Each structure stands twice: as structure tokens, then as C-alpha cells.
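# Examination of the molecular architecture
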Amino acid sequence: MALRLCCAWIPILLLLPGLSAGGKLLVVPMVGSHWLSMKEVVEELSQRGHEVVVLAPEVRWQMEMTQNYKVVTHPVTQTLEELDNAFREFVTVLLTDKPFPLNAIQAYQVSVEFFSTFFGQCKDLFHSQETLRFLNQSGFDAILTDPFFMCGAILAHHLSLPVVFFMRGLPCNLHFSAPQSPSPLSYIPRTFSFNSDHMTFFQRVENALISLLELDYCNGLYGEALKLSSEVLQRDVSLTDLLNSAAVSIMRFDFVFEYPRPVMPNMVFIGGVNCAKEKPLPKAYEEPSKPDKQGKE
Ligand SMILES: *[C@@H]1O[C@H](CO)[C@@H](O)[C@H](O)[C@H]1NC(C)=O
């Protein structure tokens with residue numbers, strides 16, 4: 001089911017200029033669970049005759065890939081242990097129970113550290129002249145990327161290519177604010193406010209305060225990305241500049257977790273937080289729910 005939902009939007013990709021005859025697509029994925037969803041889409045696009053190139057750092061967590069597309073790696077300076085440690089630290093701090101505001105401050109500090117470690121891989125990409133030359137000379141038609149660590153978005157600007165985002169979302173509501181979706185503070189609850197879309201007066205005030213802090217929060221979180229993109233693009237760059245140029249944003253939202261809200265027409269909701277093919281339940285879990293031996297489920 002999830003897979004079918006996932007692939008339902010693929011015709012949209014085919015509408016991009018140049019892609020309809022079998023185009024050349026550069027994929028800049030994100031590591032970890034994000035790839036589980038994206039690899040299904042990348043596989044389907046290559047099955048449909050598109051020439052797909054996946055760009056990945058030489059040192060990375062295991063990412064299952066197939067022979068159906070080309071994988072281009074670029075050199076990086078961090079070791080696997082450094083990535084593992086940054087992730088372990090990140091998870092440990094997020095799971096530690098501390099009183100407010102200590103928890104928020106520590107979560108912020110560890111997130112900045114975590115983002116900056118993983119963003120180091122993107123800096124290494126932009127130091128690899130050989131990789132950049134190859135990417136520029138390959139004549140891609142478009143970039144498909146999960147923008148969470150921003151590297152694909154910066155690369156799209158650098159190569160002046162149309163970009164398609166494929167994501168579960170971004171911190172600080174950026175996935176809505178960058179394409180300028182209306183976000184009336186009285187009706188759209190901010191992340192971490194734990195309010196619903198029916199707020200009391202004081203909850204609305206709280207919502208407004210959180211939204212004021214959001215921009216600074218994300219400018220800090222993506223500090224390294226902003227610095228690098230200003231260097232690479234040789235102008236001042238904001239997060240909005242980096243994110244508002246997506247031709248299409250494919251959102252892996254599950255409406256169970258969302259409140260209704262206004263969105264932009266290039267945001268396509270495909271459902272399913274994760275598009276990985278589900279495996280059948282092990283027999284042991286299925287047995288108790290069967291009403292009787294004859295009953296067909
Ligand atoms: C890509 O190559 C073209 C021509 O070879 C050149 O004009 C352009 O500046 C290059 N772009 C980048 C981002 O390197």
C-alpha cells in the first residue's frame with residue numbers, strides 16, 4: 001500500500017522538462033532511514049528508463065543499492081566512528097530526561113554538533129574539484145534530494161539545476177515557510193508546542209513565541225550549511241533562498257500526525273512516513289487475531 005502511494009506521484013517527475021524522454025537524474029540522498037524510502041523511488045525511476053546517478057560519500061552507513069543505477073562516491077575526511085559517535089551522542093541526549101529549559105538547551109547543542117558533523121561530508125564534496133567537475137559535465141536534467149542536511153539543495157543552486165525535494169519534513173516548519181505557505185499562528189500549531197489547531201488565547205501566545213524563536217534556532221542548526229553556501233554561491237544566502245526553489249516537494253506525510261493547513265500547489269502529499277516494502281507479519285503474530293480456523297482474513 002505504502003509503495004503504491006509512493007509511486008503514484010512519479011508521473012509528476014516525468015513532467016519536468018527533459019525527463020519525459022528518459023532523463024538524467026542526479027540523486028543526493030540522505031543516510032539512515034531516509035534512504036529506505038528513497039531507494040524504492042530511485043529504483044522505480046531507473047526501471048522506467050531514466051539514467052540515474054546516486055551521489056554518496058565514500059564513508060557512510062550501509063545503504064542498500066542495486067546495479068540499476070550508477071553510484072558516484074566522493075572523498076570525505078571523517079571516519080565511520082566519528083559519524084557513529086555523533087549519532088550516538090545525539091540520541092543519548094535526546095533520550096535523557098532533564099527539566100525544561102535544560103532539556104531544550106542540551107537538545108539544541110547536541111543537534112548543532114550532529115548537523116555540523118554530518119554536514120562535514122558536504123564540505124568535503126565541495127572540496128573535491130574532481131567530483132564537482134564530473135557533476136557539472138554530466139549534463140543532468142534535475143536533482144532529486146532529501147534536503148534534511150541541505151547538501152542537495154546547495155548543489156542544485158551551484159549547478160543551476162531544477163530540484164525535487166523528497167522528504168518527511170524539516171525542522172522549524174521550514175518545509176512550509178520556505179515555499180511561503182500561509183501559517184496563521186492562531187490555527188497552525190508549531191512543532192514542540194504540543195498544541196492542537198484549536199488553541200486558547202494563551203496557547204496562541206505560546207505559539208507566537210515559538211514561531212519567533214524558530215528562525216534563530218534553524219539558523220544555528222544550519223549554520224555550517226549557510227556558511228558553505230555563501231562561500232560556494234558567493235552571495236549572502238538564507239535558508240529560505242536555499243529551500244524555496246524546489247520545483248516539486250514530495251512530502252512523505254502521514255495525516256494521522258498532521259492538522260489541516262494551507263499548502264502550496266507544488267507540495268505533493270504521498271502518505272506513508274516510510275515507503276519501504278512492508279514484510280508480511282510473522283505467523284506468530286497473526287494467529288491470535290484469527291476468529292476461527294475457517295475464517296478467511
Ligand atoms: C560548468 O561548466 C561550464 C562549461 O564547461 C562552465 O561555464 C560553468 O561555469 C561550470 N559550472 C560550475 C558550477 O562549475
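Quick look at the structure, then. What you are looking at is a predicted structure, and each value in this text was computed from that prediction instead of being measured.

### Side note on the nonpolar core
Among the nonpolar cores identified, the biggest contains 74 residues, and Leu26, Val42, Phe126, Leu144, Met150, Leu155 and Tyr222 are the most heavily contacted of them. In terms of residues, this core owes the most to one element, helix H5 (residues 102–127), which gives eight residues. The contacts of Phe126, once residues within four sequence positions are left out, are Leu132, Cys151, Ile154, Leu155, His158, Leu228 and Val232.

### Focus: the state of the cysteines
In this structure the tally under the stated criterion is two disulfides. Between the sulfur atoms of Cys122 and its disulfide partner Cys151 the distance amounts to 2.0 Å. The sign of the 90° torsion about the S-S bond sets the Cys122-Cys151 disulfide as right-handed. Taken together, the residues Cys122 in helix H5 and Cys151 in helix H7 (residues 151–159) connect sequence positions 29 residues apart. As far as burial versus exposure is concerned, Cys122 and Cys151 are alike and both buried.

### Digging into the environment of Asp254
Relative to the elements of secondary structure, Asp254 occurs in the loop between strand E6 (246–251) and strand E7 (267–269). Using a relative accessible area of 25% as the deciding quantity, one classes Asp254 as partly exposed. Here the alpha-carbon distance between Asp254 and Arg168, two residues 86 residues apart in the chain, equals 9.0 Å.

### Quick look at the pairing of strand E2 (residues 51–57)
Each regular strand carries side chains that alternate between the two faces of the sheet. A large share of E2 lies buried, amounting to six of its seven residues. Sheet topology places strand E1 (residues 24–28) next to E2; four bridges connect them, and they run parallel. Residue pairing across strands places Lys24 opposite Glu51, the latter belonging to E2. Read from E1 through helix H3 (residues 33–47) to E2, the crossover connection turns out right-handed. Two elements, E2 and strand E3 (residues 70–74), share five bridges in a ladder whose sense is parallel. When the sheet's bridge partners are listed, Pro57 is paired in E3 with His74.

### What to know about the packing of aromatic side chains
Inspection of the entire model under this criterion finds 16 aromatic pairs. Measuring from centroid to centroid gives 5.4 Å for Phe115 and Phe148, while their planes differ by 45°, and the two rings are tilted. Of the two residues, Phe115 is situated in helix H5 and Phe148 in the loop between strand E4 (142–145) and H7; the sequence distance between them amounts to 33 residues. Owing to a relative accessible area of 6%, Phe115 belongs among the buried residues under this scheme. According to the relative accessible area criterion, Phe148 is buried, its value standing at 18%. Within the aromatic cluster, the residues linked to one another by ring pairs are Trp61, Phe87, Phe90, Phe114, Phe115, Phe118, Phe148, Phe149 and Tyr222.

### A look at the packing of helix H4 (residues 80–95) against H5
Where H4 meets H5, the closest approach of the two axes is 9 Å, and the angle between their N-to-C directions is 160°. Taken together, the axis directions place H4 and H5 in an arrangement best described as roughly antiparallel. The two elements H4 and H5 cross, and the hand of that crossing is left-handed. Taken together, the residues of H5 that come into contact with H4 (itself represented by Glu82, Leu83, Ala86, Phe87, Glu89, Phe90, Val93 and Leu94) are Gln106, Ala107, Val110, Ser111, Phe114, Thr117, Phe118 and Gln121. Its residues placed into classes, the contact of H4 with H5 shows ten nonpolar, four polar and two charged.

Conventions and cut-offs
- Residues numbered from 1 in each chain as written.
- Predicted model: local features only at pLDDT ≥ 70, side-chain atom pairs only at ≥ 80, totals over all residues.
- Heavy atoms only, no water.
- Core = buried A, V, L, I, M, F, W, Y, C linked by side-chain atoms within 4.5 Å.
- Buried < 20%, exposed > 50% of the residue type's maximum accessible area, 1.4 Å probe, protein only.
- Helix = DSSP H or I, 4+ residues; strand = E, 2+ residues; numbered from the N terminus.
- Contact = heavy atoms within 4.5 Å.
- Disulfide = S-S within 2.5 Å.
- Pairing = 2+ DSSP bridges.
- Right-handed = clockwise from strand over helix to strand, strands pointing away.
- Phe/Tyr/Trp six-rings, centres within 6.5 Å; stacked < 30°, edge-to-face > 60°.
- Axes fitted to C-alpha atoms, helices over the stretch in contact; angles between N-to-C directions.
- Parallel < 35°, antiparallel > 145°, perpendicular 65-115°, else oblique.
- Left-handed = near helix turned anticlockwise from the far one by under 90°.
- Nonpolar A, V, L, I, M, F, W, Y, C, P; charged D, E, K, R; others polar.

Everything listed here is a matter of geometry and, on its own, says nothing about what the molecule does.
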